[in-house]
Each structure stands twice: as structure tokens, then as C-alpha cells.
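The residues making up each chain are set out below.
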Amino acid sequence: MGVRNYLIEGVSGAGKTTVAEELERRGYHVVHGDRAFAYYGDPESGEPLAQPMNKSEEDAIEWGYQHWIWPLQRVRAILAAQNHPVTFFCGGSRNRHLFIDYFDKVFVLEVDPVTLTWRLETRPDDVFGGRPLERILTLRCPDVY
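The present account deals with the structure reproduced in this document. (Residues numbered from 1 in each chain as written. Predicted model: local features only at pLDDT ≥ 70, side-chain atom pairs only at ≥ 80, totals over all residues. Heavy atoms only, no water.)

1. Some points on the pattern of salt bridges
Considering all chains together, one arrives at nine salt bridges under this definition. For the salt bridge of Arg-4 with Asp-104, the shortest nitrogen-to-oxygen distance reads 3.8 Å. Here Arg-4, found in strand E1 (residues 2–10), pairs with Asp-104, found in the loop between strand E5 (84–90) and strand E6 (105–109); they are 100 residues apart in sequence, far enough to count as distant. The salt bridge involving Arg-140 is made with Glu-58; its shortest N-O contact spans 3.4 Å. Of this pair, Arg-140 sits in helix H6 (residues 132–140) while Glu-58 sits in helix H3 (residues 57–66), placing them 82 residues apart in sequence. With a relative accessible area of 42%, Arg-140 lands in the partly exposed category. One salt-bridge network, in which partners are shared between bridges, spans Glu-22, Arg-25 and Arg-26. (Salt bridge = Lys/Arg side-chain N within 4 Å of Asp/Glu carboxyl O. Helix = DSSP H or I, 4+ residues; strand = E, 2+ residues; numbered from the N terminus. Buried < 20%, exposed > 50% of the residue type's maximum accessible area, 1.4 Å probe, protein only.)

Structure (C-alpha cells):
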């Protein structure tokens, strides 16, 4: 939606939402990809997928993490519009390889393990990373966002 478009990524708990909210407070246009339009789907085709029911809780969480995607056509449409001088997209998507080249810059937020552990442990259960198995996955795979 911006003349210039930026993507802010990072592992769960790295601070994407905090940065996005501060950018909004400062008057910038922000798209919260995870809140606005993310869904479970095939990262290559975009086909929506239902979470498999016969998996262990740990496998289901990992499956969900690997299939959390953004709708390609919607992302491209927002990127093509020029309604704002700058737009920041915040969140994580396993199909970002299909649209990452459309961004002017990509910022990957990093966080040290101690701070990340604290942030995840203080999250409510209904936010990814708030449940113990989600924390384990996030801390085990810090390069997956």
C-alpha cells in the first residue's frame, strides 16, 4: 500500500508487534499480516489446509508453524497500491519467498535467548509462544520465523 514497502520479520517474541505498534503510534501505515490475513495453507500453492487431527500436540504445533502463510494475491495487491508514502508489513509467513522480492527492504529482528525466553514466558496462552510446547519450538528453531 505504500510507495515504499518494508517487511519486518523475526521469530515469535522478537518484537515485531511492538515495533509495528510504535510505527503506528508515529503515524505510519502498518499491515499486521499475522492478525489481518494469515492462515494455514500450503506454502507453495497457497491452498488452504486444515490442521491434521491425528498428530501429537508437538507435531500439530510444528505443522502449524510450517504452514502459517499469507495470501499471495492479497499481499501483492497491497504492495502494488500506492495509497501511502510508506507501508510496513509485520509478521511471519512461510511463503514469504513468493513475495519477499517486492519489498524495498526486509528487517529481521533478532533477540538473545534470555530475553526471548522471558518474552515467551510472559505471553498469554492464546498468543503463539505462550504455551510451553510453542516456546520449546521457538527456542529450538530460532532461525525459523
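We are not done yet, so read on.
2. Some remarks on the layout of surface pockets
Its boundaries defined by the atoms lining it, the largest pocket holds a volume of some 870 Å³. In this structure, the largest pocket is lined by 35 residues; those nearest its centre are Ser-12, Asp-34, Arg-123, Val-127 and Phe-128. When contributions to the lining of the largest pocket are tallied by element, the ones reaching two or more residues are helix H1 (16–25), helix H2 (33–36) and H3. Per-class residue counts for the lining of the largest pocket are 13 nonpolar, 13 polar and nine charged. (1 Å grid on protein atoms, 1.4 Å probe; cavity = no way out; pocket = protein on both sides within 12 Å on 5 of 7 lines; lining within 4 Å. Points joined across faces, edges and corners; volume = space filled by probe spheres on them. Nonpolar A, V, L, I, M, F, W, Y, C, P; charged D, E, K, R; others polar.)

3. Remarks on the side chain of His-32
Tracing the backbone shows His-32 in strand E2 (residues 29–32). The contact partners of His-32, leaving out residues within four places of it in the chain, are Ala-20, Glu-24 and Cys-90. (Contact = heavy atoms within 4.5 Å.)

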